[in-house]
Amino acid sequence: MLLPFMVLVVAYSIGSTIRLADNPNDKLLPGLLGFGEAIQRMAFTADPHTGEILLWSDTKASLFRIFCGLGISTVLALAVGMVIGMLPHVRALLAPFVAAIAMVPPLALLPILFIVLGLGETSKIALIVIGIAPTMMRELAMRAQELPREQIIKAETLSGNSWQIALRVFLPQILPRLITSMRLQLGPAWLFLIAAEAISSDSGLGYRIFLVRRYLAMDVIFPYVGWITLLAVLTSLLLDQFRKWIFPWSELEAAP
Amino acid sequence: MSELVIENLWKEYDSQIVLERISLTIASRSFVALVGPSGCGKSTFLRILLGQEQATRGKILVDGQPLPAEPGAERGVVFQQYSVFPHLTVLGNVLLGKEFSDAGIKAKLFGAAKRNAISEAKAMIEDVGLGGAEDKYPSQLSGGMRQRLALAQALMMKPKVLLLDEPFGALDPGIRADIHTLMKRLWNQTQMTIVMVTHDLREAFTLASRVIAFERPRDRPEEREGYGATITKDHEIWPPRVAGVASNYRPPGEGK
Ligand SMILES: Nc1ncnc2c1ncn2[C@@H]1O[C@H](COP(=O)(O)OP(=O)(O)OP(=O)(O)O)[C@@H](O)[C@H]1O
Ligand SMILES: [Mg+2]
């Protein structure tokens, strides 16, 4: 499992060594030692201007935005997805609208968001929500629609009313899909966050990367990219563990 | 008591007539097997009895009262597939009806009401031969066990009428024989009237007190649209089988 990662590190070291042998001041592929220094500076030393450790303050800012974005999108997706999936009338009305919204390129809306919502946190979180919520809504609506009609009829013969059926039949079968859908949207969520931070921000992982880009500081950019990847992978793993823990049946082979 | 009277029932889909001139009186506590070629409208008829669909013409009375237009607790159902809830354990599946009928908006029972419901559900699980499997999920059960579970779940509501659409069609012969024994016992123990659709004539004659065949009297391709299926055979089993009365006679070749 670790082999491909090791191959990557070795290949990088070779490339870096060759380039540094040519020109010791090369900035494009810094050596592993260079990374060590940069990590020491960013992650373990307080910044002289602000007195904060930059990696942590950047991480805090970014994680706050991304979890707000994910949280709002999840709540929206659950509400809208359930309603579209369960109620055919609402589906006929809303599904084309959601489908169209999902096609709007979110980054094209970013200037509008900045103009309307200002340059603060709101516009960044809004971009994430606009970027991922429509896809999640559509995914959930599809899952709700896919529930066999027989299950609903059966629940009615067990004297369930619409509310009870929503609560005990739809919701629990939709929630594990919601978690999976959240995991799949982690990538896009980071994409939109970094885009927003790159354009206008004064903190955040994306902001830092685009700031140090001006000095070709690859020794900072590479560790930051690695760190973002690690955060995304960990979030994804945690979400999946959470799903298995709360909904053990969703892990079993699907019943025919 | 639960006598079913069907008076001159027709069912049309758009321009296609599926059922026509169905008139039938089903005595209380009888066990009717419904047979007929594929596509002749057996499932459609059952769905109408269930309230999932409405007849185009005609009347259905249960004990002299018009049939409620929506599926409800007075009519239980077991389909060939998807009759149980994959996200609930065996116990959870059997409890669900009680939770719907007794627990209102929360659809979950607590305290003494919960304990009583659980002991009732456990007795029912034991009765259908699933004792010990209370904590399993449906995907961990065999096909036969799933259908037993679907029966237990339906029987908890003490329905007046039990509707079965090829409930054992997907089971192996040996398992089917076992579940037939169970089915007979349940019919004798309870007050239900049973209507079962089946493709298997042997099954029909093994279980039922009355076997009814649907067929299209005119079945040339150009006549398909304009003529529906109707009752072509109506056969009371002789000597009569009566629920709750032991019968010594067994048709030749029947297991047990
Ligand atoms: N919702 C529907 N809309 C239009 N036509 C339908 C609908 N449901 C059933 N039909 C038609 O009604 C006819 C009877 O279907 P049905 O499912 O009742 O047959 P069946 O006797 O149960 O067949 P099988 O033995 O294969 O299960 C078929 O020709 C089918 O195409
Ligand atoms: Mg059928």
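Residues numbered from 1 in each chain as written. Chains lettered and ligands numbered in written order. Predicted model: local features only at pLDDT ≥ 70, side-chain atom pairs only at ≥ 80, totals over all residues. Heavy atoms only, no water.

1. Brief notes about the overall build of chain B
Part 1: In terms of helices and strands, chain B carries 6 helices and 10 strands.
Part 2: Overall size of chain B, expressed as C-alpha extent along the three principal axes, is 60 × 45 × 35 Å.
Part 3: Sequence-distant contacts, at least 24 apart, represent 69% of the contacts inside chain B between residues at least 6 apart.
Part 4: Only carbon and sulfur atoms are counted for the fraction: they give 53% of the accessible area of chain B, which is about 11,700 Å². (Helix = DSSP H or I, 4+ residues; strand = E, 2+ residues; numbered from the N terminus. Contact = heavy atoms within 4.5 Å. Areas by Shrake-Rupley, 256 points an atom, 1.4 Å probe, with all protein chains shown as cover.)

2. Some thoughts on the domain arrangement of chain B
Residue and element names in this part refer to chain B.
Part 1: Each assigned domain of chain B is listed with its residue range as follows: domain 1 (1–74 + 160–256) and domain 2 (84–158).
Part 2: A straight line from the C-alpha centre of domain 1 to that of domain 2 covers 26 Å.
Part 3: Of the residues lining the interface, 15 residues belong to domain 1; the matching set on domain 2 comes to 11 residues.
Part 4: Note on domain 1 versus domain 2: buried area summed over both sides is about 1,100 Å², and carbon and sulfur give 70% of it.
Part 5: Arg185 is the partner of Asp127 in a salt bridge, and the nearest nitrogen-oxygen pair spans 2.9 Å. (Domains from an automatic or database assignment. Buried area = accessible area lost by both parts, 1.4 Å probe. Salt bridge = Lys/Arg side-chain N within 4 Å of Asp/Glu carboxyl O.)

3. Concerning the interface of chain A and chain B
Part 1: Taken together, the contacts link 26 residues of chain A with 36 residues of chain B.
Part 2: Roughly 2,800 Å² is buried in total at the junction of chain A and chain B, and carbon and sulfur atoms are behind 65% of that figure.
Part 3: When the buried surface of chain A facing chain B is broken down by residue, Lys154, Leu158 and Arg168 of chain A rank first, second and third, together holding 27% of it.
Part 4: Inspection of the region where chain A meets chain B yields 1 salt bridge.
Part 5: Across the pair Arg168 of chain A and Glu99 of chain B runs a salt bridge, and its minimum N-O distance is 2.7 Å.
Part 6: Where chain A touches chain B, the interface holds 8 residue pairs in polar contact (both at pLDDT 80 or more).
Part 7: Secondary-structure elements contributing two or more residues to the side of chain A that touches chain B are α7 (149–157) and α8 (162–184) of chain A.
Part 8: Considering only residue class, the side of chain A that touches chain B consists of 14 nonpolar, 6 polar and 6 charged. (Polar contact = N/O pair within 3.5 Å; in protein donor to acceptor, adjacent residues only side chain to side chain. Nonpolar A, V, L, I, M, F, W, Y, C, P; charged D, E, K, R; others polar.)

4. Notes on helix α2 (residues 32–44) of chain A
Part 1: If you check α2 of chain A, its first and last C-alpha atoms are 17 Å apart, about what 13 residues at 1.5 Å a residue would give, namely 18 Å.
Part 2: Packing partners of the buried residues in α2 of chain A comprise α1 (3–22), α3 (54–86), α10 (205–212) and α11 (218–246) of chain A. (Expected span 1.5 Å × (residues − 1).)

5. With respect to the sheet that holds strand β5 (residues 65–66) of chain B
Residue and element names in this part refer to chain B.
Part 1: Overall, antiparallel pairing links the 4 strands, which are arranged β2-β1-β4-β5 in an open sheet. Edge strands, defined here as strands with exactly one partner in the open sheet, are β2 (16–26) and β5.
Part 2: In this sheet, β5 lies alongside strand β4 (residues 57–62) in antiparallel orientation, the contact comprising 2 bridges. Its bridge partner lying in β5, Leu61 is registered against Pro66.
Part 3: The strands that helix α1 (residues 42–50) touches are β1 (4–13), β2 and β4; relative to β1, the one it contacts most, it runs at about 120 degrees. (Pairing = 2+ DSSP bridges. Axes fitted to C-alpha atoms, helices over the stretch in contact; angles between N-to-C directions.)

6. A short note on the packing of aromatic side chains
Part 1: Counted according to the given criterion, the structure contains 7 aromatic pairs over all chains.
Part 2: Taking the centre distance of 5.8 Å and the plane angle of 80 degrees together, the rings of Trp56 of chain A and Trp227 of chain A count as edge-to-face. Of this pair, Trp56 of chain A sits in helix α3 while Trp227 of chain A is found in helix α11, placing the two residues 171 residues apart along the sequence.
Part 3: Both rings, one in Phe31 of chain B and one in Trp187 of chain B, keep their centres 5.7 Å apart while their planes meet at 75 degrees; by these two values the pair is edge-to-face. (Phe/Tyr/Trp six-rings, centres within 6.5 Å; stacked < 30°, edge-to-face > 60°.)

7. A few points about the pairing of strand β7 (residues 161–165) of chain B
All names here are of chain B.
Part 1: The buried fraction of β7 amounts to 5 of the 5 residues, a majority that puts the element mostly inside the structure.
Part 2: Side chains Val161, Leu163 and Asp165 project from β7 onto one buried face, and the interleaved Leu162 and Leu164 project onto a second face that is buried too.
Part 3: In this structure, strand β6 (residues 75–78) lies alongside β7, joined through 4 bridges in parallel fashion. By the bridge assignment, Gly76 is partnered in β7 with Leu162.
Part 4: Two elements, β7 and strand β8 (residues 193–197), share 5 bridges in a ladder whose sense is parallel. Considered in β8, the bridge of Val161 is made with Thr193.
Part 5: Taken together, β7, helix α5 (residues 173–189) and β8 form a β-α-β motif whose crossover is right-handed. (Buried < 20%, exposed > 50% of the residue type's maximum accessible area, 1.4 Å probe, protein only. Right-handed = clockwise from strand over helix to strand, strands pointing away.)

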